[in-house]
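Descriptive structure summary
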Number of protein chains: 2
Amino acid sequence: MNKYSIIIGQSGGPTAVINASLQGIIEEAYQHSEIDNIYGALNGIVGIITNQIIDLKKETKETICLLKNTPSSILGSARLQLPLYLEDATIYQHIKDVFERLNIKCFLLIGGNDSMDTCLKISDYFSSINFDCHVIGVPKTIDNDLVGIDHSPGYASSIKYLATIISEMHQDISCYINGKVTIVEIMGRDAGWLTAGTALSSLNNHAPDLIYLPEVAFDINDFLQKVTKIYHQNHCVLVVVSEGIKDANNEYLLQKRTFNNKDDFGHLQLGGVAQVLAEIVNQTLNLPVRSVEINIPQRCASHLASKTDIDEAYNCGKNGLLYAMAGHSGKMVTMIRNKTSKYEICYSLIDLKSVANKIKTVPLDYIDINNSNISQAFIDYALPLIQGEEQINYQNGLPQYAKLIKYYVKSYK
Amino acid sequence: MNKYSIIIGQSGGPTAVINASLQGIIEEAYQHSEIDNIYGALNGIVGIITNQIIDLKKETKETICLLKNTPSSILGSARLQLPLYLEDATIYQHIKDVFERLNIKCFLLIGGNDSMDTCLKISDYFSSINFDCHVIGVPKTIDNDLVGIDHSPGYASSIKYLATIISEMHQDISCYINGKVTIVEIMGRDAGWLTAGTALSSLNNHAPDLIYLPEVAFDINDFLQKVTKIYHQNHCVLVVVSEGIKDANNEYLLQKRTFNNKDDFGHLQLGGVAQVLAEIVNQTLNLPVRSVEINIPQRCASHLASKTDIDEAYNCGKNGLLYAMAGHSGKMVTMIRNKTSKYEICYSLIDLKSVANKIKTVPLDYIDINNSNISQAFIDYALPLIQGEEQINYQNGLPQYAKLIKYYVKSYK
């Protein structure tokens with residue numbers, strides 16, 4: 001039997017369960033004696049190019065086992081946009097040389113929309129030169145905006161945290177006789193999936209009063225009317241908004257940040273829309289108001305990850321490897337929900353071409369536009385995703401996380 | 001045996017465990033047949049004055065049992081500053097009339113510095129007219145700034161959450177090759193206890209690089225030098241600051257909020273200092289930067305409460321009732337740490353006079369001023385407080401919280 005090696009990278013924004021996918025790949029790889037080495041590329045493609053590759057087989061099994069409770073991308077992430085190989089093949093040749101030298105036959109990249117573009121380009125290049133290495137994308141993104149998949153690993157843990165913290169905040173802000181209008185800002189540039197997820201807090205009677213997604217044009221007058229009405233009824237209002245809400249002219253309500261306002265892909269960096277709305281509420285309605293931006297915790301709160309999400313992220317990794325070993329390439333692992341009454345996911349493959357650089361927004365029937373809220377159809381969709389909690393190991397009163405030793409290997413001389 | 005009733009109120013800012021103190025009082029009251037009724041005053045003193053009093057014995061035992069995992073003040077809170085009774089006794093007479101009518105012999109108010117002032121005034125008034133009702137303050141505050149107590153119930157759960165979320169954020173922000181300077185703002189107007197608590201994340205190797213408390217004058221030049229050095233070493237920097245940091249002239253670094261900047265006690269409402277620092281870092285050092293304000297979640301994240309904190313809050317309530325029943329009045333329950341190698345707390349009483357309106361700041365030997373960080377002495381102090389996790393009941397994938405039915409009683413005709 002010919003032995004060969006595999007390499008894994010992580011790319012794009014981190015999630016609470018992206019390391020669970022890594023664990024799934026590693027533990028599956030251990031089951032196959034033909035897999036000689038399990039390599040990790042630090043910072044995705046960048047690590048392959050810059051000779052930052054580690055030997056994951058040298059890490060202890062205890063470390064690997066802790067990955068499922070460890071947030072962020074433990075291999076390091078990257079936001080590198082590759083040129084088209086027809087225009088400049090230098091990087092691609094370099095990657096191929098490294099893979100050849102290390103006898104790598106399977107490359108798994110765990111990432112979101114942008115990373116799937118990277119996967120596709122590398123896979124296309126390998127095909128074009130008949131280089132025998134199978135490239136599979138393993139999906140992740142808290143944004144849930146990947147097309148061709150029921151939901152993205154990482155999303156469920158984010159909304160489990162968000163719905164919980166919104167429930168807790170709702171109780172907090174409701175305890176005063178004359179409360180405030182609290183406006184909470186959630187991540188989501190073009191799709192309101194995360195913001196919609198806060199509606200799950202209605203299941204324990206602590207839902208936001210108003211929820212605004214980028215999918216529906218934001219009407220400031222309607223907003224102010226609703227806030228006034230609810231405040232006079234309840235003496236406090238909880239509003240949740242996506243950072244990317246836009247007005248009827250399709251303009252972001254806020255392009256406020258005066259610095260660092262583009263990321264490496266040229267996407268506008270949003271944030272601060274809750275603050276702007278708070279100032280409008282205060283000045284127009286003269287109501288006490290505060291703005292809260294949940295910020296980074298919504299993508300890394302692994303202490304409250306969804307067990308369903310962890311398991312699915314794990315299985316996406318595991319199946320990704322099996323597909324690559326079976327000879328598939330240029331595909332992303334996808335999850336399809338069975339049309340049964342009981343929630344069931346089956347794993348499959350989808351062409352990277354139909355995934356890369358595309359965005360799935362929240363369908364309008366998931367939104368209750370008149371009431372500026374979320375419909376039951378969304379609750380039915382999202383509720384199964386947040387079920388279950390992983391047993392966390394606590395050490396010194398804090399969750400225990402994996403820490404890699406990082407045994408470097410030389411990929412070229 | 002003469003039967004009598006007790007009444008409980010909650011006051012001031014909520015915590016993750018203020019309802020555990022309520023539970024402690026209620027469950028202890030059930031043990032004493034001489035206690036006829038257990039009343040709850042909604043919104044503290046306000047509920048007594050406005051006839052918003054509920055019968056807590058009519059709530060189910062299951063509801064009472066869930067209190068220890070329920071954030072916020074379930075009875076509602078108040079921020080009411082009482083006049084001196086020598087100047088205006090109207091409210092005091094009203095309270096006395098209500099207590100007389102309901103045969104209330106024990107009044108327990110769960111609250112912080114301002115609430116202890118309320119307790120003291122009522123207790124003094126009752127003494128002055130020889131009215132037989134015992135007033136005991138039950139301590140709570142996430143700020144840990146109450147004097148005469150080893151630490152305040154509520155503090156430990158806040159720092160357990162903060163240290164955890166800071167650990168998770170540290171992993172998140174460290175995953176890029178060229179990261180950002182991340183500046184995290186924590187609550188704390190005059191005392192840096194909460195901010196100091198984030199240093200506990202060093203125990204799992206994910207500590208902030210720099211920590212700034214209001215107890216030490218903030219030197220912007222020193223700050224910028226340290227940020228530069230760390231950024232060039234690690235390619236990312238994690239800074240944690242108290243909202244109340246001040247410069248060498250004792251001026252708040254930020255009095256930025258242009259609206260609603262005073263609370264009901266006339267305290268300046270801070271917040272936004274991280275944003276200001278981020279702008280300075282960006283403009284002066286030209287480094288990529290982001291600001292994060294943890295905000296409300298740090299005081300209501302009961303999903304990650306410290307079991308030690310829950311138990312202590314419970315015991316403060318329980319002992320408060322026992323002290324009141326034994327005839328004590330005008331006192332606050334306090335916690336004294338035994339000078340043994342094993343962490344042990346004993347419960348005692350302290351005069352409200354020595355507690356009300358006073359503030360305990362972080363001792364300077366808990367601060368590593370040269371390194372803008374926290375010393376081992378603080379870690380030794382705080383580590384025992386965050387130990388243990390309560391078993392949370394999850395329903396629909398979200399924590400289950402107590403919900404009172406609220407059976408109103410008439411306190412006057």
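Preceding this paragraph is the structure being described.
Residues numbered from 1 in each chain as written. Chains lettered and ligands numbered in written order. Predicted model: local features only at pLDDT ≥ 70, side-chain atom pairs only at ≥ 80, totals over all residues. Heavy atoms only, no water.

**Observations regarding the overall build of chain A**
Keep this limit in mind: Put simply, DSSP marks the helices as runs of H or I at least four residues long and the strands as runs of E at least two long, and each gets a number from the N terminus on. In this treatment the radius of gyration is a C-alpha quantity, and the globule benchmark scales as 2.2 Å times the residue count to the 0.38 power. Using a 1.4 Å probe on the protein chains alone, a residue whose accessible area is under 20% of its type maximum counts as buried, one over 50% counts as exposed, and one in between counts as partly exposed. Contacts are assigned to residue pairs that have any heavy atoms within 4.5 Å of one another. Under the convention used here, a 1.4 Å probe and the Shrake-Rupley method define accessible areas, while residue burial counts only the protein chains that appear. Note that His is not counted, nor are the chain ends; the positive residues are Lys and Arg, and the negative ones are Asp and Glu. Working definition for charges: the position is that of NZ of Lys, CZ of Arg, CG of Asp or CD of Glu.
Along the backbone of chain A there are 12 helices and 16 strands. Relative to the compact-globule value of 22 Å for 413 residues, chain A shows a C-alpha radius of gyration of 22 Å, a close match. Oriented by its inertia axes, the alpha-carbon framework of chain A measures out at about 75 × 50 × 40 Å. Counting every position in chain A, which comprises 413 residues, the buried fraction comes to 63%. For chain A, the share of sequence-separated contacts (at least 6 apart) that also reach a separation of at least 24 residues comes to 78%. Accessible area for chain A stands at about 15,200 Å²; split by element, carbon and sulfur atoms hold 46% of it. Each charge class in chain A can be summarised by its mean position, and for the 35 positive and 43 negative side chains these summaries are 6 Å apart.

**Some details on the packing of helix H4 (residues 90-101) of chain B against helix H5 (residues 113-128) of chain B**
All names here are of chain B. Our working rule: Helix axes are fitted only over the stretch in contact, all axes being lines through C-alpha atoms; the angle between N-to-C directions runs from 0 to 180 degrees. We call two directions roughly parallel when the angle between them is under 35 degrees, roughly antiparallel when it is over 145, roughly perpendicular when it lies between 65 and 115, and oblique otherwise. Classification used: nonpolar for Ala, Val, Leu, Ile, Met, Phe, Trp, Tyr, Cys and Pro, charged for Asp, Glu, Lys and Arg, polar for all others including Gly.
Two elements in contact, H4 and H5, have axes whose closest approach is 11 Å; the angle formed by their N-to-C orientations is 75 degrees. With respect to H5, the element H4 is oriented roughly perpendicular. Residue-level inspection shows Tyr92, Gln93, Ile95, Lys96 and Phe99 of H4 in contact with H5, the latter providing Lys121, Ile122, Tyr125 and Phe126. Tallied by class, the residues present in the contact of H4 with H5 amount to 6 nonpolar, 1 polar and 2 charged.

**Digging into the packing of aromatic side chains**
All names here are of chain A. Cut-off, in case you're wondering: The aromatic pairing rule takes the rings of Phe, Tyr and Trp, using the six-membered ring of Trp, and pairs them if the centres are within 6.5 Å, calling planes under 30 degrees apart stacked, those over 60 edge-to-face and the rest tilted. In this scheme, the term charge over a ring applies when either NZ of a lysine or CZ of an arginine sits within 6 Å of the ring centre and within 35 degrees of the ring normal.
Throughout the structure, instances matching the rule amount to 34 aromatic pairs over all chains. Considering the side-chain rings of Tyr125 and Phe126, the 6.2 Å spacing of their centres and the 55 degrees angle between planes classify their relative orientation as tilted. For Phe126, a relative accessible area of 1% corresponds to the buried category. Both rings, one in Phe218 and one in Phe223, keep their centres 5.3 Å apart while their planes meet at 50 degrees; by these two values the pair is tilted. Taken together, Tyr85, Tyr92, Phe99, Phe107, Tyr125, Phe126 and Phe131 form an aromatic cluster joined through their ring pairs. Geometry around Tyr30 places Lys61 over its ring, the cationic atom sitting 4.5 Å from the centre.

**A short note on the packing of helix H8 (residues 220-234) of chain B against helix H9 (residues 273-285) of chain B**
All names here are of chain B. Heads up, the condition is: Put simply, a crossing is left-handed when the front helix is turned counterclockwise from the back one by less than a right angle, and right-handed when it is turned clockwise.
Their axes nearest at 11 Å, the elements H8 and H9 cross at an angle of 65 degrees. Considering the angle they form, H8 stands roughly perpendicular to H9. Viewed along their axes, H8 and H9 form a crossing whose handedness is right-handed. Where H8 abuts H9, its residues Ile220, Phe223, Leu224, Val227 and Thr228 lie against Leu277, Ile280, Val281, Thr284 and Leu285. The class makeup of the residues in the contact of H8 with H9 is 8 nonpolar, 2 polar and no charged.

**Describing the sheet that holds strand S1 (residues 4-10) of chain A**
Residue and element names in this part refer to chain A. Quick reminder of the rule: Pairs of strands are assigned from DSSP output, requiring at least two bridges between the strands.
Spatially, the 8 strands line up as an open sheet ordered S11-S10-S5-S4-S1-S2-S3-S16, and their pairing is mixed. Because the sheet does not close on itself, it has two edges, and the strands there are strand S11 (345-351) and strand S16 (408-409). Two elements, S1 and strand S4 (residues 104-111), share 6 bridges in a ladder whose sense is parallel. Bridging from a neighbouring strand, Ile8 pairs with Leu108 of S4. Along the sheet face, helix H5 (residues 113-128) touches S4, strand S5 (134-139) and strand S10 (331-337) and points at about 170 degrees away from the line of S5.

**Here's the deal with the pairing of strand S5 (residues 134-139) of chain B**
Residues and elements named next belong to chain B. What counts, and what does not: A clockwise path from the first strand over the helix to the second, with the strands pointing away from the viewer, defines a right-handed crossover.
Judged by how many residues are buried, S5 sits mostly within the fold: 6 of 6 residues are covered. Neither face of S5 is exposed, since His134, Ile136 and Val138 on one face and Val135, Gly137 and Pro139 on the opposite face are all buried. When strand S4 (residues 104-111) meets S5, the two strands line up parallel, connected through 6 bridges. Residue Phe107 lies in a different strand from S5, and its bridge partner there is Val135. Handedness of the crossover joining S4 and S5 through H5: right-handed. Summarising the sheet, S5 and strand S10 (residues 331-337) pair through 2 bridges and their orientation is parallel. From the neighbouring strand, Ile136 faces S10, where its bridge partner is Lys331.

**What about the environment of Pro14(A)?**
Structurally, the position occupied by Pro14(A) is in the loop between S1 and helix H1 (18-29). Under the relative-accessibility criterion, Pro14(A) is labelled buried at 1%. Residues Pro14(A) and Ser72(A), spaced 58 residues apart in sequence, show a C-alpha to C-alpha distance of 4.7 Å. Each residue touching Pro14(A), except ones within four places of it in the same chain, is listed here: Ser72(A), Ser73(A), Ile142(A), Arg299(A), Asp172(B), Cys175(B) and Tyr176(B).

**Considering the sheet that holds strand S7 (residues 210-212) of chain B**
Pairing between sheet strands relies on hydrogen bonds along the backbone, with the strands arranged either parallel or antiparallel. All names here are of chain B. The parallel open sheet is built from 4 strands, whose spatial order is S7-S8-S6-S9. The strands lining the two open edges of the sheet, one partner per strand, are S7 and strand S9 (289-293). With direction set aside, neighbouring strand axes in the sheet form an average angle of 15 degrees. As defined by bridge partners, strand S6 (residues 181-186) adjoins S9 across 5 bridges and the pair is classed as parallel. Looking across to S9, one finds that Glu185 is bridged to Glu293. Where H9 meets the sheet, it contacts S6, strand S8 (237-242) and S9, and its direction lies at approximately 160 degrees from that of S6.

**Let's talk about the relation of the copies chain B and chain A**
Rules: Superposing copies: least-squares fit, C-alpha atoms only, residues required to have pLDDT of at least 70 in both.
Screw-axis analysis of chain B against chain A gives a translation of 0.0 Å along the axis, an RMSD of 0.0 Å, and a rotation angle of 180 degrees. Taken together, the rotation angle and the small translation identify this as a two-fold axis. Looking at the interface residues of chain B, 100% of them are also at the interface in chain A, so both copies use one shared face.

**Describing the interface of chain B and chain A**
Note the following rule: Summed over both partners, the accessible surface that disappears when two parts come together, traced with a 1.4 Å probe, is what is meant by buried area. Basic side-chain nitrogens of Lys or Arg form a salt bridge, by our definition, when they fall within 4 Å of a carboxyl oxygen of Asp or Glu. Polar contacts, as counted here, are pairs of nitrogen or oxygen atoms within 3.5 Å of one another; within protein the pair requires one atom able to donate a hydrogen and one able to accept it, and residues that are adjacent in sequence qualify only if both atoms are side-chain atoms.
The interface is formed by 70 residues belonging to chain B together with 70 residues belonging to chain A. For the pair chain B and chain A, the two sides together bury roughly 5,600 Å², of which 55% comes from carbon and sulfur. At the surface where chain B touches chain A, the tally comes to 2 salt bridges. Close ionic contact of Asp172(A) with Arg299(B) constitutes a salt bridge, the shortest N to O distance being 2.7 Å. The tally of links between chain B and chain A comes to 33 residue pairs in polar contact (both at pLDDT 80 or more).

**Some details on the side chain of Thr308(A)**
Residue and element names in this part refer to chain A. Along the chain, the position of Thr308 falls in helix H11 (residues 307-325). Within the structure, the side chain of Thr308 is placed 2.7 Å from the backbone oxygen of Gln387, a separation counted as a polar contact. Sequence-distant contacts of Thr308, that is, excluding residues within four places in its chain, are made with Tyr343, Pro384, Leu385 and Gln387.

**Some thoughts on the environment of Asn393(B)**
All names here are of chain B. Its location among the elements puts Asn393 in the loop between helix H12 (376-382) and strand S14 (394-395). Measuring from C-alpha to C-alpha, the distance between Asn393 and Gly320 comes to 28 Å, with 73 residues separating the pair along the chain. In this structure Asn393 touches Leu66, Leu398, Pro399 and Gln400, once residues within four positions along its chain are discounted.

**Observations concerning the pattern of salt bridges**
All names here are of chain B. Taken as a whole and assessed by the stated rule, the structure comprises 23 salt bridges over all chains. The shortest N-O distance in the salt bridge between Lys121 and Asp117 comes to 3.0 Å. In this pair, Lys121 and Asp117 are both assigned in helix H5, 4 residues apart and thus about one turn of the helix distant. Exposure remark for Lys121: the relative accessible area of 14% places this residue in the buried category. Among the ionic pairs, Lys331 bridges to Asp351, the shortest N-O distance being 2.8 Å. You can see Lys331 sitting in strand S10 and its partner Asp351 sitting in strand S11 (residues 345-351), a full 20 residues away along the chain. Overall, the relative accessible area of 38% leaves Asp351 in the partly exposed class.

**A few points about the side chain of Asn51(A)**
Positionally, Asn51(A) belongs in the loop between helix H2 (45-49) and strand S3 (53-55). When residues no more than four places from it in sequence are discounted, the contact partners of Asn51(A) are Val409(A), Lys410(A), Ser411(A) and Tyr412(A).

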